[in-house]
Amino acid sequence: MTSPESESRTVEREIAIEQAHVDQVYARLDEATRTAEQVARQGRSLYQSDRTSFVREEDGTGLFERDVFAFQAAKRLATLDAEHEGLVFGRLDRADSEVRYIGRIGVRDEDYEPLVIDWRARAAEPFYRATPAEPMDVVRRRVLRSRGTKVIGIEDDLLDGERAGDDLVVVGEGALMAALSRARGPQMRDIVATIQGEQDEAIRAPYQGVTIISGGPGTGKTVVALHRAAFLLYSHRKRFERGGVLVVGPSRVFMNYIERVLPSLGEESVTLRSIGAVASDVVPLGAERTDDAAAAVVKGSLRMLTLLRRLVDEPLAAGPLDLRVSVKGEVLVLRPFQLSTIRADVLRQHKINTSRPLAEKALLDALWRQAQGRVDVERDAFDDLVTSQASWTMFLHAWWPPLDASLVLRRLADADLVARLADGLLDAEEQRALVRSYRELDADPDGGRPRWSVADAALLDELVAVIGPVPQEAEEDPTLFLADGTEVAELVTTADRLRRPVEVDPQAEPHQRYAHVLVDEAQDITPMQWRMLRRRGSQASWTIVGDTAQSSWPEPEEYDKALTELIGRAPVRRFRMSTNYRSPAEVFDLAKAVVQAEYPAADLPRAVRSTGIAPELRTVAPEALHEEVTGLVHRLGDQVEGTIGVICPPSRLAEVGAALEAGLNGLSPRVALVTALQAKGLEYDAAVVLSPDEIVAEHSGGTRVLYVALTRPTQRLVTVDVGPGSGRWRPRG
Ligand SMILES: Nc1ncnc2c1ncn2[C@@H]1O[C@H](COP(=O)(O)OP(=O)(O)OP(=O)(O)O)[C@@H](O)[C@H]1O
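Definitions and cut-offs
Residues numbered from 1 in each chain as written. Predicted model: local features only at pLDDT ≥ 70, side-chain atom pairs only at ≥ 80, totals over all residues. Helix = DSSP H or I, 4+ residues; strand = E, 2+ residues; numbered from the N terminus. Buried ≥ 20, exposed ≤ 12 C-beta atoms within 10 Å, placed from the backbone. Contact = placed C-beta atoms within 7 Å. Core = buried A, V, L, I, M, F, W, Y, C linked by C-beta atoms within 7 Å. Expected span 1.5 Å × (residues − 1). Arc of directions from axis to C-beta. Axes fitted to C-alpha atoms, helices over the stretch in contact; angles between N-to-C directions. Parallel < 35°, antiparallel > 145°, perpendicular 65-115°, else oblique. Left-handed = near helix turned anticlockwise from the far one by under 90°. Nonpolar A, V, L, I, M, F, W, Y, C, P; charged D, E, K, R; others polar. Pairing = 2+ DSSP bridges. pLDDT = per-residue confidence, 0-100. Near = placed C-beta within 6 Å. Domains from an automatic or database assignment. UniProt positions renumbered as here; feature names shortened; annotations may be inferred.

Draft legend 1. Highlighting the overall build of the protein. A tally of helices and strands in the protein yields 28 helices and 21 strands. For the protein, the proportion of its 733 residues judged to be buried stands at 42%. For the protein, restricting intrachain contacts to residue pairs at least 6 apart in sequence, the fraction spanning at least 24 positions comes to 75%.

Draft legend 2. Up close: the nonpolar core. Counting residues in each nonpolar core, the largest one holds 166 residues, and the members touching the most others are Ala-229, Leu-460, Ile-647 and Val-688. It is helix α20 (residues 454–467) that contributes the most residues to this core, 11 residues altogether. Ignoring sequence-local partners within four residues, the contact set of Ile-647 consists of Val-674, Ala-676, Ala-679, Ala-687, Val-688, Val-689, Leu-690, Ala-709 and Arg-712. Leu-334, Leu-339, Ala-359 and Val-386 belong to the second largest nonpolar core, which has 15 residues in total.

Draft legend 3. Helix α24 (residues 585–598), seen in detail. The end-to-end C-alpha separation of α24 is 20 Å, in line with the 20 Å expected for 14 residues at 1.5 Å each. Those residues of α24 not exposed but buried are Val-587, Phe-588, Ala-591, Lys-592, Val-594 and Val-595. Along the long axis of α24, the arc covered by the buried residues comes to 170°, so they all point the same way. Along its buried surface, α24 packs onto β15 (579–584), β16 (606–609), α28 (703–710) and β21 (713–722).

Draft legend 4. Fine view of the packing of α20 against helix α22 (residues 527–536). With their axes 9 Å apart at the nearest point, α20 and α22 run at an angle of 55° to one another. It follows from the interaxial angle that α20 and α22 lie oblique. Viewed along their axes, α20 and α22 form a crossing whose handedness is left-handed. Contacts between α20 and α22 involve Ala-458, Leu-459, Asp-461, Glu-462 and Ala-465 from the first element and Met-528, Gln-529, Arg-531, Met-532 and Arg-535 from the second.

Draft legend 5. A look at the packing of helix α25 (residues 625–639) against helix α26 (residues 653–663). Direction vectors running N to C along α25 and α26 enclose 50°, while the axes themselves pass 9 Å from each other. When the interaxial angle is binned, α25 and α26 end up oblique. Our pair here, α25 against α26, has a crossing hand that is right-handed. Side by side, α25 and α26 meet where His-626, Val-629, Thr-630 and Val-633 of the first sit next to Val-656, Ala-659, Leu-660 and Gly-663 of the second. Taken together, the residues of the contact of α25 with α26 break down into 5 nonpolar, 3 polar and no charged.

Draft legend 6. Geometry of the sheet that holds strand β9 (residues 271–274). Reading across from one edge, β9-β8-β12-β13-β7-β14 is the order of the 6 strands in this open sheet, with parallel pairing throughout. Each edge of the sheet is formed by a strand with only one pairing partner; in this case those strands are β9 and β14 (572–577). Averaged over all pairs of adjacent strands, the angle between their axes in this sheet comes to 15°, without regard to strand direction. Bridge count for strand β7 (residues 210–215) against β14 is 6 bridges, and the pairing is parallel. Looking at β14, one finds that Ile-212 is bridged to Arg-574.

Draft legend 7. Fine view of the environment of Leu-144. Take Leu-144: it is sitting in strand β5 (residues 138–147). In the structure, Leu-144 is positioned 289 residues away from Ala-433 in sequence and 56 Å away in space, judged by C-alpha atoms. When residues no more than four places from it in sequence are discounted, the contact partners of Leu-144 are Glu-18, Gly-86, Val-88, Phe-89, Gly-90, Arg-91, Val-151 and Ile-154.

Draft legend 8. A look at the confidence of the model for the protein. Mean pLDDT for the protein: 85, with 85% of residues reaching 70 or above. Counted against residues more than four places away or in other chains, residues 47–61, with its pLDDT under 50, gives 19 contacts. Scored below 50 in pLDDT, residues 474–504 makes 30 contacts in the model with residues more than four places away or belonging to other chains. What the predictor reports for the complex is a pTM of 0.83 with an ipTM of 0.99.

Draft legend 9. View of the pairing of strand β18 (residues 644–648). Judged by how many residues are buried, β18 sits mostly within the fold: 5 of 5 residues are covered. Every second residue of β18 is oriented toward a common face, with Ile-644, Val-646 and Cys-648 on one face and Gly-645 and Ile-647 on the other, all of them buried. The pairing of β18 with strand β19 (residues 671–675) spans 5 bridges and is classified as parallel. Looking at β19, one finds that Val-646 is bridged to Leu-673. Taken together, the 4 bridges between β18 and strand β20 (residues 684–690) define a ladder with parallel strand orientation. What sits directly across from Gly-645, in β20, is Ala-687.

Draft legend 10. Looking closely at the site of the ligand. Near the ligand lie 23 residues; those nearest to it are Thr-194, Pro-217, Gly-220, Lys-221 and Thr-222. Among the elements of the structure, α5 (175–181), α7 (221–235) and β15 are those that each provide at least two residues to the shell around the ligand. Across the shell around the ligand, the residue classes break down as 8 nonpolar, 11 polar and 4 charged. Here the shell around the ligand spans two domains, and each of domain 2 (210–281 + 511–577) and domain 5 (585–722) adds at least three residues to it.

Draft legend 11. Spotlight on α7. Helix length check: α7 (15 residues) gives 21 Å between terminal C-alpha atoms against 21 Å at 1.5 Å per residue, within 8%. Where burial is concerned, most of α7 is hidden: 14 out of the 15 residues are buried.

Draft legend 12. Main features of the UniProt feature "binding site: ATP" (unreviewed entry) in the protein. With numbering matched to this structure, UniProt assigns "binding site: ATP" (unreviewed entry) to Gly-215, Gly-216, Pro-217, Gly-218, Thr-219, Gly-220, Lys-221 and Thr-222. Structurally, Thr-219 can be placed in the loop between β7 and α7. Excluding residues that lie within four positions of it along the chain, Thr-219 makes contacts with Met-577, Ser-578, Thr-579, Asn-580, Tyr-581 and Pro-605. For Gly-220, a count of 23 C-beta atoms within 10 Å translates into the label buried.

Draft legend 13. Just unusual backbone geometry, in detail. Residue Lys-328 is not a glycine yet carries a positive backbone phi of 50°. With respect to the element layout, Lys-328 can be found in the loop between β10 (323–327) and β11 (330–334). Classification of Lys-328 as exposed rests on a count of 12 C-beta atoms within 10 Å. A positive phi angle, near 45°, is found at Ser-691, a position not held by glycine. Among the structural elements, Ser-691 can be located in the loop between β20 and α27 (692–698). Judged by C-beta crowding, with 26 C-beta atoms within 10 Å, Ser-691 ranks as buried.

Draft legend 14. Inspection of the sheet that holds strand β17 (residues 616–620) at higher detail. If you walk across this open sheet you meet the 5 strands as β17-β21-β20-β18-β19, and the pairing is parallel. Since the sheet does not close on itself, it has two edges, and those belong to β17 and β19, each with one partner. On average, each strand axis in the sheet is inclined to that of its neighbour by 20°, with strand direction left out of account. Bridge analysis of β17 against β21 gives 5 bridges, and the strand direction is parallel. Across the sheet, residue Leu-617 finds its bridge partner in β21, namely Thr-719.

Now the structure itself:
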């Protein structure tokens with residue numbers, strides 16, 4: 001048996017061995033940086049970041065390929081958070097005595113020998129996949145923990161004891177457990193050092209088609225998906241850097257939470273968008289507000305598609321009217337039925353905002369036919385005579401105005417209009433929910449832009465797809481009267497000012513497209529939001545991440561339907577994550593019992609950790625709630641090192657917020673007050689779940705949303721029932 005002293009001497013000795021290698025890597029990077037700076041000073045072009053073509057471009061630069069490689073690595077290194085993200089984190093000792101170091105980026109020495117292998121390279125695969133049952137020629141896997149450039153700890157797994165030489169030392173208690181027990185900060189960290197086998201398979205799956213990653217809460221779906229984005233960029237850099245990778249998550253808070261992961265893996269080129277901001281490439285918005293459950297369900301449904309189409313066809317104002325022009329004393333008139341035929345003909349193939357020139361041409365043709373035999377004039381002159389009249393321009397402005405998606409959508413605040421358009425589509429209750437949501441929007445005290453909801457973003461995007469983007473010049477209101485003192489070089493007529501050029505390429509799709517779209521928390525994407533996403537990924541490969549049991553929707557099965565449609569005939573790969581790395585077993589047992597009672601189909605993972613601390617189920621009188629929450633937050637602040645989440649029903653958010661603000665004294669950077677929906681995808685060291693009954697009642701996903709709340713903590717869970725008769729959510733028995 002070894003004594004603790006001799007064990008700690010062994011660890012120190014092993015750390016010193018690893019430190020020597022890590023020092024060599026940093027020295028190499030310094031040297032490459034110096035060479036690169038020298039080359040730059042000499043005025044020669046430095047190699048740019050397209051790593052896949054560096055061999056061919058080598059001649060054009062002042063750097064050798066090996067220096068280029070190391071210089072790029074040094075540049076990436078500068079973006080790492082030295083406190084947490086050591087460059088070299090792994091070592092493999094193989095049966096043939098070869099030693100490989102694994103890191104966030106690859107680095108080679110002067111002889112082009114690898115000092116560190118990029119974790120995404122094939123040679124690094126055994127680091128994640130090797131097991132004692134299948135050691136893949138690896139004898140020992142070692143994880144190095146560093147702070148900045150210093151190695152501070154090592155954890156070993158012996159994978160093949162029989163082939164290990166006598167001098168092979170094995171220390172530590174397992175890197176995974178050490179990583180999982182650490183306190184959580186405000187942002188998610190990468191897991192490169194401890195990716196598990198089943199996660200690695202999903203990360204390295206081929207890019208084509210649709211990759212579906214499922215699994216219960218805390219199984220690493222999000223973090224795996226982000227590592228997959230980094231892997232795709234590494235293995236097909238040209239395709240994905242040029243085509244773009246879009247990562248979509250549920251909220252801005254969530255995007256802030258995950259935003260460090262990709263840079264820490266050396267990737268900066270991915271677009272991160274919350275679902276409320278996906279459409280910001282066509283409408284100026286970044287919606288975060290959620291509708292009440294009734295309105296959200298209506299707005300997410302495909303029935304909105306028909307409603308929006310009807311809305312676009314609904315004339316903006318009463319009329320118009322006939323088109324009347326006079327040419328050389330002859331009055332020519334187009335009647336409403338002729339006008340609507342022309343309108344329908346044009347719109348059958350074109351979008352309203354991009355087809356005004358076509359509509360004008362069709363009107364002129366119809367007028368020209370009428371003029372035959374009545375007016376003696378050439379066609380070109382005829383067109384000029386018609387289009388220079390103010391009556392023509394004013395008619396067009398009323399009949400074919402540029403439509404702004406947000407103005408169109410706001411019309412749904414009109415109950416009479418909605419009753420007419422939604423006839424046979426939405427029942428009276430649904431119509432009321434819809435109209436109310438837009439009335440409240442009008443009454444928003446913010447001023448300026450309307451505060452659109454997350455669900456509205458998909459509707460606005462749909463409208464832009466139907467009507468086309470607003471022509472640039474038409475976005476401002478036309479100025480009919482010039483302010484006093486305005487200088488104008490020449491006379492500007494009303495007709496001139498109304499006739500604004502419509503310069504939009506009718507074929508161009510306004511939204512951005514991506515080569516890969518990665519959707520997290522996909523179980524909450526509504527059918528209307530799927531349409532919005534598909535517009536951006538019509539030619540893309542996809543990674544879809546979700547868990548039906550955490551769905552916020554009344555019909556969680558809709559998710560499977562949406563996926564079937566998305567997949568179509570594309571190749572599909574499915575991966576199921578089976579281990580919960582977040583919740584302690586004690587907490588997850590409770591959450592499991594709650595969700596299973598309501599939703600027996602839930603995919604329940606195995607919790608990997610146990611803390612020995614059972615969840616605390618408390619009940620308080622309503623008048624004592626504020627004091628209770630503040631007291632709990634303070635106690636938990638002493639009991640855990642990191643973050644504390646207070647998860648609250650939406651109806652209590654304001655009062656609990658005020659109570660916490662008054663009573664936190666200095667704890668606030670560690671405390672987050674959120675609804676269960678806002679907590680999606682996030683985690684806290686301790687969570688207080690307030691009034692679980694109300695959380696169930698106030699969300700259309702009911703118990704599944706409570707399940708989300710109960711599965712947020714990494715260490716401690718406290719639930720607080722409010723008042724007598726509460727606690728209906730608690731599992732029986
Ligand atoms: N292999 C791993 N090594 C270390 N930590 C891990 C590993 N896998 C997952 N984790 C950690 O487990 C936690 C949960 O991961 P993540 O948020 O990705 O899970 P999820 O499946 O997306 O959860 P949810 O469905 O609840 O949103 C994170 O803190 C993550 O860093």
